[in-house]
Amino acid sequence: MADDQTAGAPAIRLVGLRRVYGDRAALAGIDLEVAHGESLVVLGPNGAGKTTLLRILATLLRPTGGEVELLGCKLPGEAWKLRGKIGYLGHEPLLYRDLSGRENLRFHAKLHGIKGERAEARIEELLEAVKMSHRGDERTYEYSAGMRQRIAICRCVLHEPELLLLDEPDSNLDIAGREIAKTLIGRGGGHTRVVVTHDPDRHLPEADKVLTLGIDETAATA
């Protein structure tokens, strides 16, 4: 949830956001505001800049121009203030293959300063939520792609972030897995969400706002 200092400001504010690779503009000037607790769905063809946008919001990529403000912090200068408030689910699960699911989550808990009984309780809560408690001690290289995605979702929300950045969150999940994922990263959990997807039929019903990116132009519609 937003603190008193940022409660009156949008969770996400973009003004003229640009990202250029050489002579190609991946993002050619985006103006957008997303309120706390809203869900933004980002659509567009391959190469339109969807993942670039998400990586900028995740503080993994610097914008070429424009203004970016997240949760009251300006990027890139105040990125260090945000990393504990953001949960990022990218194309890769960001798991260590030789560690078990539980060990991966313990490692990420330490990164976020979650320790001891609190960490163990949170990890067990999440593993139970994604129906992976019985497989939690197996190394992740033994998991199917869908099982790795479930653990990656646990990693994404482990520290109870305010902002969820989700790049194709349904990737590798079957129908049952998608329903399970909704309990952790679906709308209504008190967090702000940005969802990049190629499947608008599943995610548009949960959208408060929609950003449509094109190869040659950028358009945003609420």
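You'll find the structure just up there.
Just so you know, these numbers come straight off a predicted model, no measurement behind them. (Residues numbered from 1 in each chain as written. Predicted model: local features only at pLDDT ≥ 70, side-chain atom pairs only at ≥ 80, totals over all residues. Heavy atoms only, no water.)

A. View of the pattern of salt bridges. Tallying each qualifying case throughout the model produces 14 salt bridges. In this structure, Glu179 and Lys182 form a salt bridge, with 3.8 Å as the shortest nitrogen-oxygen distance. With a gap of 3 residues between them, Glu179 and Lys182 both fall in helix H5 (residues 175–185), about one helical turn apart. Judged by relative accessible area, which is 44%, Lys182 ranks as partly exposed. (Salt bridge = Lys/Arg side-chain N within 4 Å of Asp/Glu carboxyl O. Helix = DSSP H or I, 4+ residues; strand = E, 2+ residues; numbered from the N terminus. Buried < 20%, exposed > 50% of the residue type's maximum accessible area, 1.4 Å probe, protein only.)

B. Local environment of the sheet that holds strand E4 (residues 65–70). What the 4 strands build is an open sheet, ordered E2-E1-E4-E5; its pairing is antiparallel. A strand with exactly one partner marks an edge of an open sheet, and here the two such strands are strand E2 (24–34) and strand E5 (73–75). Going from strand to strand, the sheet's axes swing by 25 degrees on average, the running direction of each strand aside. Where strand E1 (residues 12–21) and E2 come together, 8 bridges link them in antiparallel fashion. Bridging from a neighbouring strand, Leu17 pairs with Ile30 of E2. On top of the sheet, helix H1 (residues 50–57) reaches E1, E2, E4 and E5; it is set at about 120 degrees to E1, its chief contact. (Pairing = 2+ DSSP bridges. Axes fitted to C-alpha atoms, helices over the stretch in contact; angles between N-to-C directions. Contact = heavy atoms within 4.5 Å.)

C. Representation of the environment of His134 within the structure. Within the secondary structure layout, His134 lies in the loop between helix H3 (116–129) and helix H4 (145–157). By relative accessible area, His134 is classed as exposed at 64%. Spatially, the C-alpha atom of His134 lies 35 Å from that of Leu57, the residues being 77 residues apart in sequence.

Everything listed here is a matter of geometry and, on its own, says nothing about what the molecule does.
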